[in-house]
There are 2 protein chains.
Amino acid sequence: MLLIISGPSGSGKGTVTKRLHPGEGYALSISMTTREKRPGEIHGVDYVFCTKDEFREVRDADGLLEHATFSGNYYGTPASYVNQQIRQGYTVVLEIDVVGALQVKAKRPDAVLIFLMPPTFSELRHRLETRGTEDEDEIDRRFRRATDEVAELPKYDYLVINDDIDNAVRDINLIVTAEKLKPGRSDEKISHFHDNYNGA
Amino acid sequence: MLLIISGPSGSGKGTVTKRLHPGEGYALSISMTTREKRPGEIHGVDYVFCTKDEFREVRDADGLLEHATFSGNYYGTPASYVNQQIRQGYTVVLEIDVVGALQVKAKRPDAVLIFLMPPTFSELRHRLETRGTEDEDEIDRRFRRATDEVAELPKYDYLVINDDIDNAVRDINLIVTAEKLKPGRSDEKISHFHDNYNGA
């Protein structure tokens, strides 16, 4: 299953995603990027680092679930890694902004889209301000964008209110468990119906 | 929310439904029927007992979510009671066969359809035989019908395997909790986003 954790800047996507562990069946998607590797980052773990030519080659072969440009650098989600992890039985987690999430959903309608949001816009503003990673102009811009992003909520499968990180993680685990009960994800159970034991 | 517990005869629909209690937010739907009241049954609790004319009047006014005839008696699900309980905040539970469930889904696309099934057909056969309420011909008929009913699985929202009653009830509770996280059922949370606290 492909699980997309999305929502406005400041909604807590990153923090929540870090709590979805491999031991519970989750695998994090790894992005491709053309930006410089920073000290401490590991190729193939934090990102797949590549040249612009390499990036374009994958993109033009329809090998990306979504892609975007930030500050002149390309970022994208390679479908190959996602597919490989899904085949191994993992729930692949993609933490991504709203534009990217909707790009992925268009290519993969079976992806489960979760919109993460603090209980109120004022709380969102508060979180953007207190994390101190953006200046006032950037905070304003991200906050205004959040209104447009919330307008996309009807395109999402689920809304999880991130008032408390433990509650949000519990809701996400619960959604994944329920999604696995959909007939489209139950082929193994259904094939088991026709065991020939007892001549049934 | 309208929750439909459905599946073949012998799947354990009745047993599972009895475990969905009002204290946990569930209300059982009450059927209308033209059959005779049996000793111990209470009008308005077990069934709404009525004449054929009364039944036809409700049916012709499009007041039934589904209806069927068994042994010359009419049975149906009045929409009015279901709607009233939903307005009061209950998850209304309808325990019904596959034909009826699909009738309701056609009228109420927002209904959540759960298909209940033992792990295998041979286990289904075993349960039909050991409950001893049908003769061999009727067991055969119900068992053959189960194959057609399972073919309708793709029209359902969820498949719950009833290998163990506690597990099946747990899965159903989990589905209801996840369904409440869908944006279409989250109007109250969404309206709360725009509190004007802090001028946000």
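It should be noted that the structure appears before, not after, this text.
Here is what the cut-offs are and how they apply
- Residues numbered from 1 in each chain as written.
- Chains lettered and ligands numbered in written order.
- Predicted model: local features only at pLDDT ≥ 70, side-chain atom pairs only at ≥ 80, totals over all residues.
- Heavy atoms only, no water.
- Axes fitted to C-alpha atoms, helices over the stretch in contact; angles between N-to-C directions.
- Helix = DSSP H or I, 4+ residues; strand = E, 2+ residues; numbered from the N terminus.
- Parallel < 35°, antiparallel > 145°, perpendicular 65-115°, else oblique.
- Left-handed = near helix turned anticlockwise from the far one by under 90°.
- Contact = heavy atoms within 4.5 Å.
- Nonpolar A, V, L, I, M, F, W, Y, C, P; charged D, E, K, R; others polar.
- Pairing = 2+ DSSP bridges.
- Buried area = accessible area lost by both parts, 1.4 Å probe.
- Salt bridge = Lys/Arg side-chain N within 4 Å of Asp/Glu carboxyl O.
- Polar contact = N/O pair within 3.5 Å; in protein donor to acceptor, adjacent residues only side chain to side chain.

1. Here's the deal with the packing of helix α5 (residues 121-131) of chain B against helix α6 (residues 136-150) of chain B
Residue and element names in this part refer to chain B. Two elements in contact, α5 and α6, have axes separated by 10 Å at closest approach and are oriented at 150°. Classified by the angle their axes make, α5 and α6 are roughly antiparallel. Every pair of crossing elements has a handedness; the one defined by α5 and α6 is right-handed. Facing α5, whose interface residues are Phe-121, Leu-124, Arg-125, Leu-128, Glu-129 and Arg-131, α6 presents Glu-136, Ile-139, Asp-140, Arg-142, Phe-143, Ala-146, Thr-147 and Val-150. Among the residues making up the contact of α5 with α6, the classes are represented as 7 nonpolar, 1 polar and 6 charged.

2. Quick look at the sheet that holds strand β8 (residues 112-117) of chain A
Residues and elements named next belong to chain A. If you walk across this open sheet you meet the 5 strands as β2-β7-β1-β8-β9, and the pairing is parallel. A single partner strand is all that each edge strand has here, and the edge strands are β2 (26-28) and β9 (158-161). Looking at each pair of strands side by side, their axes are set apart by 30° on average, direction ignored. Sheet topology note: the strand β1 (residues 2-6)/β8 ladder contains 4 bridges and is parallel. The residue of β8 that forms the bridge with Leu-3 is Val-112. Set on the sheet, helix α4 (residues 98-107) makes contact with β1, β7 (91-95) and β8; between it and β1 the angle comes to about 160°.

3. Some details on the interface of chain B and chain A
In this assembly, 32 residues from chain B lie in contact with 32 residues from chain A. Approximately 2800 Å² of surface area, both sides summed, lies buried where chain B meets chain A, with 76% of it carried by carbon and sulfur atoms. Area buried by chain B at its contact with chain A is led by B:Leu159, B:Leu181 and B:Phe193, which between them contribute 24% of it. Where chain B meets chain A, there are 0 salt bridges. On the surface where chain B and chain A come into contact, there are 4 residue pairs in polar contact (both at pLDDT 80 or more).

4. Concerning the pattern of salt bridges
Residues and elements named next belong to chain A. Per the stated rule, a full pass over the model turns up 40 salt bridges over all chains. Here Asp-140 and Arg-125 are joined by a salt bridge, their closest N and O atoms 2.9 Å apart. Note that Asp-140 is positioned in helix α6 (residues 136-150) and Arg-125 in helix α5 (residues 121-131), a separation of 15 residues in sequence. Between Lys-182 and Glu-179 there is a salt bridge, and its shortest N-O distance comes to 3.4 Å. Connected via shared salt-bridge partners are Arg-131, Glu-134, Glu-138, Arg-141 and Arg-142.

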